[in-house]
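Residue strings, one per chain:
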Amino acid sequence: MRLLINFKPESQALPMNERIQEKLSILADAAKYDASCSSSGGKRKNESKGLGSTEGMGICHSYTEDGRCVSLLKILLTNHCIFDCAYCVSRRSNDVKRAAFTVDEVVDLTINFYRRNYIEGLFLSSGIFSSPDYTMERLVRIIKKLRTEHNFNGYIHVKTIPGASEELIQEAGLYADRLSVNIELPSELSLTTLAPEKNYQEILTPMGQIRDNIIQNKEEKSLFKKVPAFATAGQTTQLIVGASQETDLQIIKLTDSLYQGYGLKRVYYSGYVPVTDDARLPQVTQPPLIREHRLYQTDWLMRFYGFEADEILDPAHPHLDLEIDPKLAWALRNRHVFPVDVNTADYELILRIPGVGARSAKRIVQARRFTSLTMEHLHKMGVVLKRAKFFLTCRGAQQPALGELDEQGIRRQVLFGAGSVRSALVTQQLDLFAQAS
């Protein structure tokens, strides 16, 4: 990423126009429900003329492939929308304050925030004005102007609008680092029920177009020296969890098909936030955050640990266990596979031991070439022995005999430690900022 160095002195910075600030407040708040980039959730205010503030509207934090945390301006072009999706805060029938940026306003905000080192990139989405093409054309104008007129080389992520023309999506990919199309609900039946003006085909079609353009771009780069880049950071999507009745099995099978069929970089999961009153929606008081977390763990297993969707869940077990992580749940259901001897087992099998991560598994395979591994070695390699000790053997190990404990016995010891008589973990989502009793 090439940084702009023509900073204006802070004393020369003009105060933000009140109308622009009001728009930013409305459209940044509406954008927070998109999970494709994360926020720190900080609420510290700038008091007594101090330095810095975490309440900067629209600024969120995301992570690059090499682990760097970057700040992005995350906004909607508008929260006006012609659709009336039951789960959406910007739905047509919802009584909320509306606003819309002009193309130049978004460009100026991005450049000025970047010059002051508030952000390192832009995350841009939008409600739909009068038509998908009308809206998508304005999104493209923004990012084209940033790249060609202002030589902006920061990161840009654009949400493509389902139903927009292939030409506009193609052009967007020439200027954006990442494109995404939100599939939103895990089945076409749910989409028909909660968002009857949308359909799966309009969502999957641009996904396929982006996939094909990325593949074609890679092939052209292998043949020609100078080829315009196309969405070099790939494409993503988002699924809302808990707004409809699909099981976790249905969700992860859909996720697997999206990875396999459309080459997505990530599928993001967003626990349903009750933002509107609608009889079609479940009556919940808070987002299903634990379920969302378990789905992310499952997603990790499929992408980095070699698990298939049908292995993690099946028709007999269609829901993820909220008490324990999905790898441990799989191991408890498949105890015949264990214990695994870490000194002789294949890398793929070592990856399936609860408490052994991908990095630790690689260390084990490398280190055992020079010595026979012990529990002490595994501990130093970062293996979580609290879980792993029930499922592995190694030289001099004194781990509990797997056959002497039933599933509930192992579960209790993993959750609560040896000697515990408790049998269930409280799965209520706790308030981080609640007063201690």
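Residues numbered from 1 in each chain as written. Predicted model: local features only at pLDDT ≥ 70, side-chain atom pairs only at ≥ 80, totals over all residues. Heavy atoms only, no water.

S.K.: Break down the environment of Glu246 for me, with residues and values.
M.R.: Looking at where Glu246 falls in the secondary structure, it is placed in the loop between strand E6 (235-241) and helix H7 (248-262). On the accessibility criterion, Glu246 (7% relative accessible area) is buried. Separated by 73 residues in sequence, Glu246 and His319 place their C-alpha atoms 9.7 Å apart. Look past the residues within four positions of Glu246 in its chain and what remains in contact with it is Pro186, Ser187, Ser190, Ile251 and Arg291. Here Ser244 takes part through its side chain, which lies 2.3 Å from a polar atom of the side chain of Glu246. (Helix = DSSP H or I, 4+ residues; strand = E, 2+ residues; numbered from the N terminus. Buried < 20%, exposed > 50% of the residue type's maximum accessible area, 1.4 Å probe, protein only. Contact = heavy atoms within 4.5 Å. Polar contact = N/O pair within 3.5 Å; in protein donor to acceptor, adjacent residues only side chain to side chain.)

S.K.: I'd like to hear about the nonpolar core, residue by residue, with values.
M.R.: The biggest cluster of nonpolar side chains holds 113 residues, and the ones touching the most others in it are Tyr87 and Ile353. Excluding anything up to four places from it in sequence, Ile353 contacts Lys327, Phe338, Val340, Val342, Ala388, Phe391 and Leu392. (Core = buried A, V, L, I, M, F, W, Y, C linked by side-chain atoms within 4.5 Å.)

S.K.: Please set out the pairing of strand E4 (residues 155-159) residue by residue, giving values where relevant.
M.R.: The buried fraction of E4 amounts to four of the five residues, a majority that puts the element mostly inside the structure. By the bridge criterion, four bridges tie strand E3 (residues 121-125) to E4 in an arrangement that is parallel. Note on E4: the bridge partner recorded for Gly121 is Tyr155. As a crossover connection, the stretch from E3 through helix H3 (residues 132-148) into E4 is right-handed. Sheet analysis places E4 next to strand E5 (residues 178-180), joined by three bridges and oriented parallel. Paired with Val158 across the bridge in E5 is Leu179. Handedness of the crossover joining E4 and E5 through helix H4 (residues 166-175) is recorded here as right-handed. (Pairing = 2+ DSSP bridges. Right-handed = clockwise from strand over helix to strand, strands pointing away.)

S.K.: Break down the pattern of salt bridges for me, citing the residues and quoting the values.
M.R.: Within the structure shown, the criterion is met by 22 salt bridges. Ionic pairing is found between Asp212 and Arg211, a salt bridge with its closest N-O pair at 3.0 Å. By relative accessible area, which is 41% here, Asp212 ends up partly exposed. (Salt bridge = Lys/Arg side-chain N within 4 Å of Asp/Glu carboxyl O.)

S.K.: Give a description of the pairing of E6 that names residues and reports values.
M.R.: Within E6, seven of the seven residues are buried, leaving the element largely enclosed by the surrounding structure. What you see with E6 is no split at all: Gln235, Thr237, Leu239 and Val241 on one side and Thr236, Gln238 and Ile240 on the other are buried throughout. As paired strands, E5 and E6 are joined by two bridges and run parallel to one another. Considered in E6, the bridge of Ser180 is made with Thr236. Note that E6 and strand E7 (residues 266-271) share six bridges and pair parallel. Within E7, the position partnered with Leu239 by the bridge is Tyr269.

S.K.: Describe the confidence of the model for the chain, naming the residues involved and giving the relevant values.
M.R.: Across the chain, the average pLDDT comes to 85, with 83% of residues at or above 70. Between residues 1-14, whose pLDDT stays under 50, and residues either more than four places distant or in other chains, the model counts 20 contacts. Below a pLDDT of 50 lies the segment residues 38-44, which in the model reaches 11 contacts outside its immediate sequence neighbourhood of four places, other chains included. (pLDDT = per-residue confidence, 0-100.)

S.K.: Help me get a handle on the packing of aromatic side chains, residues and values and all.
M.R.: The final tally for this structure, using the stated rule, is nine aromatic pairs. A ring pair is formed by Trp300 and Phe304, whose centres lie 4.5 Å apart and whose planes are at 55°; its orientation type is tilted. One end of the pair is Trp300 and the other is Phe304, both in helix H8 (residues 289-304) and four residues apart, which spans about a single turn. Among the residues examined, Trp300 registers a relative accessible area of 42% and is labelled partly exposed. Residue class for Phe304 comes out partly exposed when judged on its relative accessible area of 39%. Taken together, a centroid distance of 6.5 Å and an interplanar angle of 70° make the contact between Phe390 and Phe391 edge-to-face. For the residue pair Phe390 and Phe391, the accessibility class agrees, reading buried in each case. Through a chain of ring-to-ring contacts, the aromatic side chains of Phe307, Trp330, Phe338, Phe390 and Phe391 assemble into a single cluster. (Phe/Tyr/Trp six-rings, centres within 6.5 Å; stacked < 30°, edge-to-face > 60°.)

S.K.: How would you summarise the packing of H7 against H8 if you had to cite specific residues and measurements?
M.R.: Where H7 contacts H8, the axes come no closer than 11 Å and their chain directions differ by 40°. The angle between H7 and H8 places the two elements in the oblique class. H8 is crossed by H7, and the crossing has right-handed handedness. In contact with Asp248, Ile251, Ile252, Thr255, Asp256 and Tyr259 of H7, H8 contributes Arg291, Leu295, Thr298, Asp299, Met302 and Arg303. Tallied by class, residues from the contact of H7 with H8 come to five nonpolar, two polar and five charged. (Axes fitted to C-alpha atoms, helices over the stretch in contact; angles between N-to-C directions. Parallel < 35°, antiparallel > 145°, perpendicular 65-115°, else oblique. Left-handed = near helix turned anticlockwise from the far one by under 90°. Nonpolar A, V, L, I, M, F, W, Y, C, P; charged D, E, K, R; others polar.)

S.K.: Give me the lowdown on the state of the cysteines, citing residues and values where you can.
M.R.: What is meant by a disulfide is a covalent connection between two cysteines, made through their sulfur atoms. All chains considered together, the criterion is met by zero disulfides. With no disulfide partner, Cys81 has as its closest neighbouring cysteine sulfur the one in Cys88, 6.3 Å distant. In this structure Cys88 is not part of a disulfide, and its nearest cysteine sulfur, from Cys85, lies 6.1 Å away. Taking relative accessible area as the criterion, Cys88 reaches 28% and is therefore assigned partly exposed. (Disulfide = S-S within 2.5 Å.)

S.K.: Explain the environment of Leu124 residue by residue, including any values.
M.R.: Relative to the elements of secondary structure, Leu124 occurs in strand E3. What makes Leu124 buried here is its relative accessible area of 0%. Spatially, the C-alpha atom of Leu124 lies 5.9 Å from that of Leu76, the residues being 48 residues apart in sequence. Sequence-distant contacts of Leu124, defined by excluding residues within four places in its chain, comprise Ile75, Leu77, Val106, Leu139, Ile142, His157, Val158 and Lys159.

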